Amino acid sequence: MAETALLAPVSELVEPIVIGSGEPRVAVRERRKVHFNYLDAENKATERDVRPLAMAFFGPVWILAAWCELRRDFRSFRLDRMADLVVPDETFEPEPDKSIESFLTSGWVKKTFAP
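Quick notes on the rules
- Residues numbered from 1 in each chain as written.
- Predicted model: local features only at pLDDT ≥ 70, side-chain atom pairs only at ≥ 80, totals over all residues.
- Heavy atoms only, no water.
- Core = buried A, V, L, I, M, F, W, Y, C linked by side-chain atoms within 4.5 Å.
- Buried < 20%, exposed > 50% of the residue type's maximum accessible area, 1.4 Å probe, protein only.
- Helix = DSSP H or I, 4+ residues; strand = E, 2+ residues; numbered from the N terminus.
- Contact = heavy atoms within 4.5 Å.
- Salt bridge = Lys/Arg side-chain N within 4 Å of Asp/Glu carboxyl O.

**Q** How should I be thinking about the nonpolar core in this particular structure?
**A** Within soluble globular proteins, side chains that are nonpolar tend to cluster in buried spots. Grouped together as the largest cluster of nonpolar side chains are 14 residues, with contacts concentrated most on Val 34, Phe 36, Val 50, Leu 64, Phe 77, Leu 79 and Met 82. Counting only elements with at least two residues in this core, the list comes to strand E1 (34-39), strand E2 (45-58), strand E3 (61-68) and strand E5 (82-86). It is E3 that contributes the most residues to this core, 4 residues altogether. In contact with Val 34, not counting residues within four places along its chain, are Ala 27, Arg 48, Asp 49, Val 50, Pro 52, Leu 85, Val 86, Val 87 and Pro 88. Counting residues in hydrophobic clusters, the runner-up holds 5 residues, among them Leu 53, Ala 65, Trp 67 and Phe 103.

**Q** Before we go on, may I ask you to explain the pattern of salt bridges in this structure?
**A** Once the charged atoms of two side chains with opposite charge are near each other, the side chains can pair. Across all of its chains, the model carries 9 salt bridges by this definition. Between Asp 80 and Arg 78 there is a salt bridge whose closest N-O contact spans 2.7 Å. The partner of Lys 98 in a salt bridge is Glu 95, and the shortest N-O contact between them spans 3.7 Å. Under the relative-accessibility criterion, Glu 95 is labelled partly exposed at 29%.

Put into structure tokens, the structure is as follows:
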């Protein structure tokens, strides 16, 4: 168990995910841009191109933390609201202002996840 890199509890509350969670994980690891259709909380549809930074499980959903090319800012996306995910061969180079460290310390994170 100590060598397991990813753990998530099984729950009857887990939302069904249309895409495989393996694709976003590979994209994070290989720094590959991702394209997908997304439905927000108000069911508004958008197409997104993102630089995936990390994945997290906030029961009952998986979240992809990313730099969003459309919004030119950090965003988090629920995997269960994604569809038609494509991981092209296009990679990106790390940039200090578009890193997971910057995401975690950004005002956006504090505003979005504040209690």
